[in-house]
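Remarks on the overall topology
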Amino acid sequence: MRILITTSQVPFIRGGAELHAEGLRDALRAEGHQAEIVAIPFKWYPAERILAHMAACRLLDLSEIGRMTIDMVIGLKFPAYLVPHPNKVLWILHQHRQAYELWEHPMGDLHLEPNGAYVREAIQQADRTYIGEAKAVFANSKTVAGRLKEYCGLDSTPLYHPPHQADKFYCAEAEDYLLFPSRIGMMKRQELVVSALALTTQPVKVSFLGAADREEYAEKLQAMATELGLEGRVRWLGAVSEEEKFRLYAHSLGVIFPPVDEDYGYITLEAMLSSKPVVTCTDSGGPLEFVRDGETGYIADPSPEGLAAALDRLWEDRTRAKSLGEAGRELYDSLGISWATVVKNLLSGS
Amino acid sequence: MDPAPHPGLSPAEATTGQVPASTAQESLRIAICTTQVPFVYGGNEVLVEGLRDALQERGHRVSIISIPYRWHPRTHIVTGALAWRLIDITESNGEPVDLAICTKWPSYVVKHPRKVVWLVHQFRQAYDWFGTPLSDFTSMAEDRRVRRLILKMDHKALSESRKVFTISRNVANRLHRFNGLEGTPLYPPLRSGLALEPGPYGDYILSLNRLDAAKRIGLLLEALGQAPELKAVIAGTGPEADNLKRQASRLGIAGRVEFAGFVSDEEASRLYRSARAVYYAPVDEDYGYGTIEAFQAARPVITTDDAGGVLEFVEDGVTGLVTTPEPAAIARSLQRLLANSDEAERMGRAGQEKIRDITWDRVADALLQATG
């Protein structure tokens, strides 16, 4: 089949969503299909611009290009998943979150814009109307499926996919650090971890791996750590090579991943692939689909005290940490997450 | 992507942000806008990727924005262009996009305060193809309306551009004739995979083209039928492949014509490096990479007086031979260069000299200087 994958892009930015689309493209090609990515730019401010981008996506027609028929479209991200096609299957990474769970949330800002309420209504209306056009709707995770149901009344099937280079993760002898791999930003809550470190009874050490969304924010966090007297207990590694990332996972004692309502979260899966326990929070979204409290990691209250207690527990019993990590790896293996399964599901939906 | 990476940013503030001038030292964020043709890798993709590499080499950040375009049936012609108008690429994630370089219709319909168009071609069915079998536009009211809209959009979108470059004088001439707008020819260099250092002048004529009717390979076969001493290598694939092979058998020249099919860059380079001359006579080509490839390898080009962009480089008797598109005339050109390898070399070298200035450095300079 000739298949187009439609997704949104933020020009000059490359991240997990790009890897996701490329992974799907490669998996479709591996199954003998012709597949290509269509990445439509998306700019979400001022709020009215969202409507213009939605309209642009509705105006595109991908059923035939030149004299070539396109057999299927797989839509991934808002608003690119609104593109019409007679044989469309959606695999929704996330909706426009500011119109839903981040409405009137400290991390959102659509509600602060003059026409925010109006735009939010238009987004919800478009989602309810046009998502329904699809032959089948899959979601990136149970978390995303749950939101679709809660806010739009739409049913969808959660469909997991493996992280990029899943086979490269390995486990080695644990050293004295917990790893927090994520871009540095408010949604990932490095700040909460720094606050928790000031409260731990154990000498817990954390290595923060990842580039900052905004340099000022990273500097603020570093200053905060210094002020709290955490020198020697925190390391800011920035962005590192892939090889180095695998090594850092492999030698960690465990992984910290406490984001705010994450859609899916590769970090959890990467930790499990590296046989490492994961500490997450009760409001972290996607990670909660994988982390089992006391079995493959710990689930803490999203407070400095709550998180500090979980970090202490992990730090003080290294043998336990090791066995939690091994259980995480077993759980991953039992879930049957593979690109072949993804392709089979998406194509059976069309 | 976080939904609100820059909660504190006022959009108005960001739009009026200072845009740096394009001096060589500053790193700009440059969007290259183009039309995506899924599952096809051709001249436009070569151009876009070459431009991206050249700009990145100068330390700029480049993002390619590529959107498919449906033009059939008629109603999509306008809506597909309108989609480009609605997409906002003036900023990305709170930071200004300093420059937009747009190539094919309808990508240049996009709005940007610093837009430069490097026009690959317009929607030819509404222009130079109109009234020919290549266009399915008729004189019916609806068709006339759509044509008028295309002209209007072209005029508006291209007038907004800081400057309009075209990939050839041929494309600039059409722009002037149909839209009354000026375009400056800026010739695109070749893809980097070719290695065309000139070798000996062998005994075969090379044609390396997509095998479709517009490239007129049939005319070459007819000419070979009239020149019994000539050999040719015809490389490339396309819809006419079977017809051409049948034609060669019918003309009784199958033994002198080798159909090489798809060739890699390496094989293509080898074929160019030791050909006697290159046959390249497409119908009103926009630009014609074939000429540039031949000249880079210092091969003379045999072409016709209706070949469009090819004629911007091939001068009769100087860098190749130009005749009417008739088998007998082509046969005479072929025979002349086969008889005299010194002349082939002299013309080939003159061609090589002629394209010396077609470099990515020059392209990047021109596009960046246009925005001041």
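Residues numbered from 1 in each chain as written. Chains lettered and ligands numbered in written order. Predicted model: local features only at pLDDT ≥ 70, side-chain atom pairs only at ≥ 80, totals over all residues.

**Some remarks on the overall build of chain B**
If you tally the helices and strands in chain B, you get 12 helices and 14 strands. Whereas a compact globule of 372 residues would reach a radius of gyration of roughly 21 Å, chain B reaches 23 Å, a difference of no more than 12%. Seen through its C-alpha atoms, chain B measures out along the principal axes to roughly 75 × 55 × 35 Å. Here chain B, with 372 residues, has 45% of them falling under the buried criterion. Put simply, 68% of the contacts in chain B that link residues at least 6 apart link residues at least 24 apart. (Helix = DSSP H or I, 4+ residues; strand = E, 2+ residues; numbered from the N terminus. Rg over C-alpha atoms; globule rule 2.2 N^0.38 Å. Buried ≥ 20, exposed ≤ 12 C-beta atoms within 10 Å, placed from the backbone. Contact = placed C-beta atoms within 7 Å.)

**Considerations on the pairing of strand β11 (residues 234-238) of chain A**
Residue and element names in this part refer to chain A. Here strand β10 (residues 206-209) pairs with β11 via four bridges, running parallel. Counted as the bridge partner of leucine 209 is glycine 238 from β11. As a crossover connection, the stretch from β10 through helix α6 (residues 215-227) into β11 is right-handed. (Pairing = 2+ DSSP bridges. Right-handed = clockwise from strand over helix to strand, strands pointing away.)

**Quick word on the interface of chain A and chain B**
Each partner contributes residues to the interface: chain A has 38 residues there, and chain B has 33 residues. Those elements that place two or more of their residues in the side of chain A that touches chain B are β1 (2-9), β2 (34-41), α2 (47-59) and β3 (64-65) of chain A. Sorting elements by how many residues they give to the side of chain A that touches chain B places α2(A) first, with six residues. Its residues assigned to classes, the side of chain A that touches chain B shows 22 nonpolar, seven polar and nine charged. (Nonpolar A, V, L, I, M, F, W, Y, C, P; charged D, E, K, R; others polar.)

**Topic: the sheet that holds strand β6 (residues 115-119) of chain B**
All names here are of chain B. Pairing is parallel across the open sheet formed by six strands, whose spatial order is β2-β1-β5-β6-β7-β8. Either end of the sheet is taken by a strand with one partner, and the two such strands are β2 (61-68) and β8 (184-185). Pairing of β6 with strand β7 (residues 163-166), which is carried by four bridges, proceeds in the parallel orientation. Counted as the bridge partner of tryptophan 118 is phenylalanine 165 from β7.

**Let's talk about the environment of Val73(A)**
All names here are of chain A. Relative to the elements of secondary structure, valine 73 occurs in strand β5 (residues 72-77). Among the residues examined, valine 73 registers 24 C-beta atoms within 10 Å and is labelled buried. When the C-alpha atoms of valine 73 and lysine 276 are compared, they prove to be 37 Å apart, with 203 residues separating the residues in sequence. Every residue in contact with valine 73, bar those within four places of it in the chain, is listed here: Leu4, Thr6, Leu62, Val83, His85 and Lys88.

**Observations regarding the pairing of β2(A)**
Residue and element names in this part refer to chain A. Alignment of β1 against β2, held across eight bridges, turns out to be parallel. When the bridges of β2 are listed, threonine 6 appears paired with valine 38. Regarding the hand of the β-α-β motif, the stretch spanning β1, helix α1 (residues 16-30) and β2 is right-handed.

**Describing helix α5 (residues 190-197) of chain A**
Residues and elements named next belong to chain A. The element α5 is largely enclosed, with a buried count of six among its eight residues. Buried within α5 we find Gln190, Leu192, Val193, Val194, Ala196 and Leu197. Against the buried residues of α5 lie β9 (178-181), β10, α6, β11, β12 (254-256) and α9 (304-316).

**What about unusual backbone geometry?**
Backbone torsion omega between Tyr45(A) and Pro46(A) reads -15 degrees, so that peptide bond is classified as cis. Relative to the elements of secondary structure, Pro46(A) occurs in the loop between β2 and α2. Note that the residue after Phe78(A), namely Pro79(A), is joined by a cis bond; omega there is -10 degrees. Note on placement: Pro79(A) falls in the loop between β5 and β6 (88-94). For Asn93(B), which is not glycine, the phi torsion reads 50 degrees and is therefore positive.

**Re the environment of Met54(A)**
Residue and element names in this part refer to chain A. Checked against the element boundaries, methionine 54 lands in helix α2. When the C-alpha positions of methionine 54 and tryptophan 103 are compared, they lie 19 Å apart, and in sequence the two are 49 residues distant. Once residues within four sequence positions are removed from consideration, methionine 54 is found in contact with Pro79, Leu82 and Ala126.

**Considering the confidence of the model for chain B**
Residue and element names in this part refer to chain B. Here chain B shows a mean pLDDT of 91. Residues at 70 or above account for 93%. Note on residues 1-24: pLDDT under 50 across the span, and 42 contacts to partners over four residues away in sequence or across chains. Here the predicted complex scores 0.90 on pTM and 0.90 on ipTM. (pLDDT = per-residue confidence, 0-100.)

**Considerations on the sheet that holds strand β13 (residues 278-281) of chain A**
Residue and element names in this part refer to chain A. Sheet architecture is open: six strands sit in the order β11-β10-β9-β12-β13-β14, paired in parallel fashion. Single-partner strands in this sheet number two, and they are β11 and β14 (297-300). Sheet twist, expressed as the average angle between the axes of neighbouring strands with direction ignored, equals 25 degrees. As paired elements, β9 and β10 share four bridges and run parallel to each other. By the bridge assignment, proline 181 is partnered in β10 with leucine 209. The strands touched by α9 within the sheet are β9, β12, β13 and β14, with β14 carrying the most contacts at an inclination of about 165 degrees. (Axes fitted to C-alpha atoms, helices over the stretch in contact; angles between N-to-C directions.)

**Brief notes about the environment of Asp136(B)**
Relative to the helices and strands, Asp136(B) is located in the loop between β6 and α4 (141-160). C-alpha separation for the pair Asp136(B) and Leu86(B), spaced 50 residues apart in sequence, amounts to 28 Å.

**Considerations on the nonpolar core**
Counting residues in hydrophobic clusters, the biggest one holds 114 residues, and the most contacted among them are Ile74(A) and Ile101(B). The residues contacting Ile74(A), other than those within four sequence positions of it, are Ile3(A), Ile5(A), Leu24(A), Val89(A), Trp91(A) and Leu346(A). Ranked by size, the runner-up nonpolar core spans 48 residues in total, among them Leu206(B), Ile253(B), Val310(B) and Met347(B). (Core = buried A, V, L, I, M, F, W, Y, C linked by C-beta atoms within 7 Å.)

**Remarks on the packing of helix α8 (residues 266-273) of chain A against helix α10 (residues 318-335) of chain A**
All names here are of chain A. For the pair α8 and α10, interaxial distance at closest approach is 7 Å and the crossing angle is 110 degrees. Looking at the two axes, α8 sits roughly perpendicular to α10. Residues Leu269, Ala271, Met272 and Leu273 of α8 lie in contact with α10, whose contacting residues are Gly328, Arg329, Leu331 and Tyr332. (Parallel < 35°, antiparallel > 145°, perpendicular 65-115°, else oblique.)

**Quick notes on the packing of α2(A) against helix α3 (residues 116-130) of chain A**
Residues and elements named next belong to chain A. At a minimum axis separation of 8 Å, α2 and α3 run at an interaxial angle of 25 degrees. Looking at the two axes, α2 sits roughly parallel to α3. Of the two possible hands of crossing, α2 and α3 adopt the one that is left-handed. Together, Ala47, Glu48, Ile50, Leu51 and Met54 of α2 and Gly116, Val119, Ala122, Ile123 and Ala126 of α3 make up the contact between the two elements. Here the contact of α2 with α3 is built from residues that sort into eight nonpolar, one polar and one charged. (Left-handed = near helix turned anticlockwise from the far one by under 90°.)

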